[in-house]
Every structure is written in structure tokens, then in C-alpha cells.
Protein chains: 2
Amino acid sequence: MQSYTEENYLKTIYHLAEKTINVQTNAIAEQMQTKPASVTDMIKKLADKGLVDYIKYQGVTLTEIGKNTAIDIVRKHRLWEVFLVDKLNFKWDEVHDVAEELEHIKSIELIERLDEFLGFPKADPHGDPIPDKNGRFAKTQFIKLIELKIGDQGTITGVTQHSSAFLKHLEKLGLTLGKKIQISDVTDFDGSVEILLSDKQVNISREVAKHILISSNGKN
Amino acid sequence: MQSYTEENYLKTIYHLAEKTINVQTNAIAEQMQTKPASVTDMIKKLADKGLVDYIKYQGVTLTEIGKNTAIDIVRKHRLWEVFLVDKLNFKWDEVHDVAEELEHIKSIELIERLDEFLGFPKADPHGDPIPDKNGRFAKTQFIKLIELKIGDQGTITGVTQHSSAFLKHLEKLGLTLGKKIQISDVTDFDGSVEILLSDKQVNISREVAKHILISSNGKN
DNA sequence: AAAAATTTTTAGATTTACCTAAAAATAAAA
DNA sequence: TTTTATTTTTAGGTAAATCTAAAAATTTTT
Ligand SMILES: [Mn+2]
Ligand SMILES: [Mn+2]
Ligand SMILES: [Mn+2]
Ligand SMILES: [Mn+2]
């Protein structure tokens, strides 16, 4: 059984490991809003428990057990987010912090029944895949909106930024999950992108375009 | 903002205060499954925070703020219990431990929306009243089944014991909330009570009868 | 290959929530 | 009203998760 804190470390390491093989102490510290010295302490503890492999100065990787534990926490987090949005009518930008707490409730029965109650959803309100009870989920192969060319079409299926400010911004522009879009122009000056929606046309900054994921329906 | 632990102490003191004015250190320790010395430490801390009034060797009482905080935790606990039973199909004997964790999730918005989602229930699966968002609830005036006389009728509306063993036992006997009963006999030998249900007749021990609450529909 | 910069670890403290053992206060019995 | 029993508090310590400051290792630059 892991503590609330250990679980948060495992989840953070899991997400960071999606970018780099060996996860660095400083990266964990930044993500967890703590100090590198504290991270070193915790890494040693997790290594003792067999949840991470650790070589001094070389960063950490999750062991099989550590990875499974992390995936289970991610599963809980995303299922609770679905609950909050689908059942309690929260907006997609309001659910993260509460799910951050709910993900630590320890009851296998609870989460399996919640999964069933929600109809075994495949993705959370931000388009992220929800692992099943065996930890399996489809590795979604999305393309970043920023990488699309003029004329390309697709459907918004995810975001890589979960801050309330960012999500509210998308909401206001009408860029929500499931919306079909087409790139109508890319500005030379600042790289901002002009997007054609069914009813209107919106302009988004390069920065925003970086964090939107598109499932492409083929070129043009 | 209180810690998980402080909240549990406040809730325990609140429940104990329903029996005695001044709550004793040892009573808290027993309820919290901890040592009296630890209780003294925590009491001092709660007193410093203005959540309890405390005189050395004289026990504690909740301040207005402390009481409101406790009631809010009780509200959360009971609402989550309703959720688990009504929405996730848990049995009434399976919900306590999970609710014990869920009650500490800190989000006013969450609990208000949950309340609404559940249809503003007035009582939890054990018949205990659910405080509204202002902390108000009807002081239910139930009588213990053990106090009924032969011929008395009533409806089961609560229990004063939440252990799984006890609740499963009641379930098996068909003694669930809302059931109408009539006392058909009280055994001299061991004080056990014979109860008439709509369809059958069951015999319960004195000990069981002590923990069932009845809303009486008048004598005989 | 040194020097400089960055990253990471150690050393030593702090805070929270516990504990045991012993002392002090209060309540009950003789 | 002593003596005895019970309750409660203090004293001193532990473990988890932090922190700051300084030392050590690694990486990058010159
Ligand atoms: Mn978390
Ligand atoms: Mn999400
Ligand atoms: Mn609790
Ligand atoms: Mn209950």
C-alpha cells in the first residue's frame, strides 16, 4: 500500500517517462512543486519498495509494479473526471483539482462500480485514454494541430494542457472535443493559425495550436 | 483548512458529544483507535485553532466553528454513502469505510452538486439525517426497538450500529429501513424480541434490539 | 582537458501525527 | 479521610515528508 504522496510521485514519474526514458530529479521536483532534495529522498524510498529502478545521478525508471500502480492511479483520476463532467455537470476546466484528490481513494470495488456506472468510458473529458481494470488502453496516435498544413482537416480529440485558463480559452473559441476543423491559413508573421469551424472561423496563437490534438481524417 | 486527521477528531468529538456534554480524552482515544496521550496533543492543537474549548482534565466541547466543521464532515460522509448505495449499488453494510475516506475531499462545489445529483436526500442508508448545506437537519425523535412493548407497532427508520456484521444480520432477517413491524412477544428468559413482519416472524436478541430505531405509529 | 555551469546528493532541521513510560490530577472505595 | 483506582497530562522519542545550505558528481563550454 502506497501513501498519497508516493502515489503522486509515481504518477508524475509515469507522465514524465512518456517524454524521456530516464526521468530526472529536477523534472520531478518541478512537476511536484517541491525541492530536488525532497525528490531524492522519495526516490530512494520508492527504489527500496521496488517501485522504481534508480542509479545515483542517472535518474529513475518505473519498474513493472511501479508502472502498473501509476496506471491505476491515472485510471482513477480519469474516471473521476468523467463522473464530475457527465454526472455532476462540471466543466472540463473545473475537474482536475478535485480528481487529484479523488484518485487516491483506496477501493478497487469503488472504481470498478464507478467504471460500470459511467458506461466504461474510453476517454476522459480532455480526450485522454482511460486504462481498463487490467491497465490496458489504446495508445492513441494523434497529431498536434500545429503540425497541420493549410487545407488539412480533422477532429479535435485531445489537449496536452489541462490548465483552467487554457481550457476556458478553447471553450470560448468553440474548440471543444469532437469539433471538426479545417486549417484555412497559417500566418507567416507569428505562426498563428486560422481555423474553419462548421459555423465560424477562429484564429489561435501558435502556443495554443501546440496543445490541441487532432485525429486527422486524411489530407485536405 | 483542517487536516484529514483534525477532521476525524472533530467528527469523533461531535458524535461523542451527542451522549455527554464534556467529551473525555479516553473516550476519544478509544473511538479513534489511538492513545490518550495522542488525543491530548491533538486537543491542544484544536483548542489553539479555536475549534474546541478545553480545560485540562475536564474534557472538551466543540466551539461553534468546530461544531459546524464537524457537521459538514458528517454531511459529506452521509451524502457519499447515499451515492454509493443509490448509484453504485453498494449494500448498506459496505459503504462506511469508503465514505470514511471520501468525506475528506475538499470541494464545496463537489458536495453541493452531489447533493443535487442525489435529489437532496434527507437520510443516509442507515437512516441517519443528512444536514443541508447550512448544517441544519431535523433532530429525529426515534425510539429504540428494545423499549417497545408487546403489541406496539412501528417502522424501522434507523440503526445505531454500523458494523458490517450487524447490518448483514439485519438484512438476512429482512429487517431493513422502511419495514413495518409489530412486537409479538418478549422472552422473559433472555429478553429476546419476537417481531411480526408483513410476511414472516423473526426473533432477535436483546443486543440486536438495542440498535434498531423505530418511528412509532402509536401504541398498539 | 580545464573551467564553468548544471544537476544531484548529503547533512542537518522542521513539522505533523504518532508512540511509551512515568508523573500528576481527579474520582471512587475503604 | 486516607488509600486505591482511574483518567489525563507531560516528557522524551520515532517516522514520514518536507526544507535550506553546502558538497559532490555530471555535463557543457571554452
Ligand atoms: Mn494526486
Ligand atoms: Mn484529464
Ligand atoms: Mn474519516
Ligand atoms: Mn451512515
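Here the structure is a predicted model, which means the values were calculated and not measured. Numbering of residues begins from 1 in every chain and follows the order in which that chain's sequence is written. Chains and ligands are labelled sequentially in the order written, the chains with letters from A and the ligands with numbers from 1. It should be noted that, the model being predicted, local features are given only for residues of pLDDT at least 70 and side-chain atom pairs only at 80 or more, the latter also being counted only at that level, while totals for whole chains, interfaces and linings use all residues. The basis for every side-chain value is the complete set of non-hydrogen atoms in the structure, without hydrogens or water.

Section: the UniProt feature "domain: HTH dtxR-type" (unreviewed entry) in chain A
Operational definition: UniProt positions are given in the numbering used here, feature names are shortened, and annotations may be inferred rather than shown by experiment. Going along the chain from the N terminus, every DSSP run of H or I of four or more residues is numbered as a helix, and every run of E of two or more is numbered as a strand.
Mapped onto this numbering, the UniProt entry gives "domain: HTH dtxR-type" (unreviewed entry) at residues 1–63 of chain A. Strand forms 10% of residues 1–63 of chain A and helix 54%; the C-alpha atoms that close the span are 16 Å apart.

Looking at the coordination of the manganese ion (ligand 1)
Residue and element names in this part refer to chain A. Worth spelling out the cut-off: Metal sites are built from N, O and S donor atoms within 2.8 Å, or 3.2 Å for Na, K and Ca, and they leave out water, so they may look incomplete. A simple rule labels every residue: compare its accessible area, found with a 1.4 Å probe on the protein chains alone, to the largest value its type can have, and call it buried under 20%, exposed over 50%, or partly exposed in between.
Taken together, Asn8 (OD1), Glu100 (O), Glu100 (OE), Glu103 (OE) and His104 (NE2) make up the full set of protein donors to the manganese ion (ligand 1), lying 2.1 to 2.7 Å away. On the primary sequence, the residues serving as donors to the manganese ion (ligand 1) are separated as N-x91-E-x2-E-H. Residue glutamate 103 is classed as buried on the basis of its relative accessible area, which comes to 0%.

Thoughts on the layout of surface pockets
Residues and elements named next belong to chain B. We count it as follows: Whether a set of points on the 1 Å grid over the protein atoms alone is a cavity depends on a 1.4 Å probe fitting there but being unable to get out, while an open set qualifies as a pocket with protein on both sides within 12 Å along at least five of seven lines; lining residues are those with an atom within 4 Å of a point. Grid points are joined across faces, edges and corners, and a volume is the space filled by probe spheres set on the points. In this document the domain limits rely on a domain assignment from an automatic tool or a database.
Of the volumes computed, that of the second largest pocket is approximately 1,700 Å³. In terms of lining, the second largest pocket is formed by 42 residues, of which the most central are His15, Glu18, Arg78, Thr160 and His162. Breaking the lining of the second largest pocket down by element, the ones donating at least two residues are α1 (4–16), α2 (25–32), α4 (64–87), α5 (96–102), β3 (143–144) and β4 (153–159). When residues in the lining of the second largest pocket are grouped by element, the largest group, seven residues, is from α1. Lining the lining of the second largest pocket are residues from two domains, each supplying at least three of them: domain 1 (4–62) and domain 2 (143–215).

A few points about the coordination of the manganese ion (ligand 4)
Residues and elements named next belong to chain B. Around the manganese ion (ligand 4), the protein contributes the donor atoms Glu81 (OE), Asp124 (OD) and His126 (ND1), which lie 2.1 to 2.3 Å from the metal centre. Positions of the donor residues of the manganese ion (ligand 4) along the chain correspond to the pattern E-x42-D-x1-H. Take histidine 126: its relative accessible area is 0%, and that puts it in the buried class.

Overview of the protein's contact with DNA strand C
Let me state the cut-off plainly: By convention in these notes, a residue is near a molecule or strand provided one of its non-hydrogen atoms lies within 4 Å of it. Definition of a polar contact: a pair of N or O atoms within 3.5 Å, with one able to donate and the other able to accept a hydrogen when the atoms are protein atoms, and with sequence-neighbouring residues admitted only if both atoms are side-chain atoms.
Around DNA strand C lies a shell of 21 residues, among which Lys44, Tyr54 and Lys56 of chain A together with Ser38 and Lys45 of chain B are the nearest. Protein-proximal atoms of DNA strand C, defined as those within 4 Å of the protein, fall in sugar or phosphate at a share of 79%. Contact distances for DNA strand C include 2.8 Å between a phosphate oxygen and a side-chain N or O atom of threonine 40 of chain A. A distance of 2.7 Å is found between a phosphate oxygen of DNA strand C and a side-chain nitrogen or oxygen belonging to threonine 34 of chain B.

Considering the environment of aspartate 132 of chain A
Residues and elements named next belong to chain A. Structurally, aspartate 132 can be placed in the loop between α6 (108–117) and β3 (143–144). Sequence spacing of aspartate 132 and phenylalanine 120 is 12 residues, and the spatial spacing of their C-alpha atoms is 8.3 Å. Here asparagine 134 takes part through its backbone nitrogen, which lies 2.7 Å from a polar atom of the side chain of aspartate 132.

A look at the relation of the copies chain A and chain B
Counted only if it meets this: To superpose the copies, least squares is applied to the C-alpha atoms of every residue with a pLDDT of at least 70 in both. Note on definitions: a residue-residue contact is assigned when non-hydrogen atoms from the two residues lie within 4.5 Å.
Between chain A and chain B, which share one sequence, the superposing operator has a rotation angle of 180° and an axial displacement of 0.0 Å; the RMSD is 0.1 Å. Considering both components of the superposition, the chain copies are consistent with a two-fold axis. Using C-alpha coordinates, one finds that chain A approaches the rotation axis most closely at leucine 102 of chain A, a distance of 3.8 Å. A shared interface surface links the copies, since 100% of the contact residues of chain A are contact residues in chain B too.

Brief notes about the sheet that holds strand β6 (residues 193–196) of chain B
Residues and elements named next belong to chain B. Heads up, the rule is: Here, any two strands with at least 2 DSSP bridges between them count as paired. Lines fitted to the C-alpha atoms define the axes, with helices restricted to the stretch that makes contact. Angles between their N-to-C directions range from 0 to 180 degrees.
Pairing is antiparallel in the open sheet, where six strands are placed in the order β3-β8-β4-β5-β6-β7. The two strands at the open ends of the sheet, each matched to only one other strand, are β3 and β7 (201–204). Direction of pairing for strand β5 (residues 180–186) relative to β6: antiparallel, over a ladder of four bridges. Directly across from glutamine 182, in β6, lies its bridge partner leucine 196. Contacts from helix α7 (residues 164–173) reach β4, β7 and β8 (212–216) within the one sheet, and its direction differs from that of β4 by about 150°.

Observations concerning the packing of helix α1 (residues 4–16) of chain A against helix α2 (residues 25–32) of chain A
Residue and element names in this part refer to chain A. What counts, and what does not: An angle below 35 degrees is treated as roughly parallel, one above 145 as roughly antiparallel, one from 65 to 115 as roughly perpendicular, and anything else as oblique. Put simply, a crossing is left-handed when the front helix is turned counterclockwise from the back one by less than a right angle, and right-handed when it is turned clockwise. Note that Gly is not counted as nonpolar here; it falls among the polar residues with everything else outside the nonpolar set of Ala, Val, Leu, Ile, Met, Phe, Trp, Tyr, Cys and Pro and the charged set of Asp, Glu, Lys and Arg.
Where α1 contacts α2, the two axes come as close as 10 Å, and the packing angle between them is 120°. Relative to α2, α1 is oriented oblique. The element α1 and its partner α2 pack so that their crossing is right-handed. On α2, the residues that touch Asn8, Tyr9, Thr12, Ile13 and Leu16 of α1 are Ala27, Ile28, Gln31 and Met32. Residue classes in the contact of α1 with α2 are distributed as six nonpolar, three polar and no charged.

So, the pairing of strand β6 (residues 193–196) of chain A
All names here are of chain A. Residues Val193 and Ile195 line the buried face of β6, whereas the alternating positions Glu194 and Leu196 sit on a face that is not buried. Between strand β5 (residues 180–186) and β6, which pair antiparallel and follow one another directly, the connecting turn spans six residues, one of which, glycine 191, has a positive phi of 70°. Bridging between β6 and strand β7 (residues 201–204) involves four bridges; their strand directions are antiparallel. Note on β7: the bridge partner recorded for glutamate 194 is asparagine 203. Between β6 and β7, which pair antiparallel in sequence order, lie four residues.

Here's the deal with α1 of chain B
In an α-helix, one turn spans 3.6 residues; hence positions three or four apart end up facing the same way. Residue and element names in this part refer to chain B. Our working definition: One less than the residue count of a helix, multiplied by 1.5 Å, gives the span that helix is expected to have.
Between its first and last C-alpha, α1 extends 19 Å over 13 residues, near the 18 Å set by a 1.5 Å rise per residue. The buried fraction of α1 amounts to 10 of the 13 residues, a majority that puts the element mostly inside the structure. Within the sequence span of α1, burial applies to Glu6, Glu7, Asn8, Tyr9, Leu10, Lys11, Thr12, Ile13, Tyr14 and Leu16.

Some details on the protein's contact with DNA strand D
DNA strand D sits among 21 residues. The nearest are Thr34, Ser38 and Lys45 of chain A together with Lys44 and Tyr54 of chain B. Those atoms of DNA strand D that come within 4 Å of the protein belong to sugar or phosphate at a rate of 78%. Here asparagine 26 of chain B contributes a backbone N or O atom positioned 2.8 Å from a phosphate oxygen of DNA strand D. Contacts to DNA strand D include lysine 44 of chain B, whose side-chain N or O atom sits 2.5 Å from a phosphate oxygen. Among the elements of the structure, α1 and α3 (36–48) of chain A together with α2 and α3 (36–48) of chain B are those that each provide at least two residues to the surface near DNA strand D.

Structural notes on the side chain of histidine 104 of chain B
Following the sequence through the fold, histidine 104 of chain B ends up in the loop between α5 and α6 (108–117). Each residue touching histidine 104 of chain B, except ones within four places of it in the same chain, is listed here: Glu101 of chain A together with Tyr4, Glu7 and Asn8 of chain B.

Points about the sheet that holds β6 of chain A
All names here are of chain A. Sheet architecture is open: six strands sit in the order β3-β8-β4-β5-β6-β7, paired in antiparallel fashion. Edge strands, defined here as strands with exactly one partner in the open sheet, are β3 and β7. Relative to the sheet, helix α7 (residues 164–173) contacts β4 (153–159), β7 and β8 (212–216), its axis offset from that of β4 by approximately 150°.

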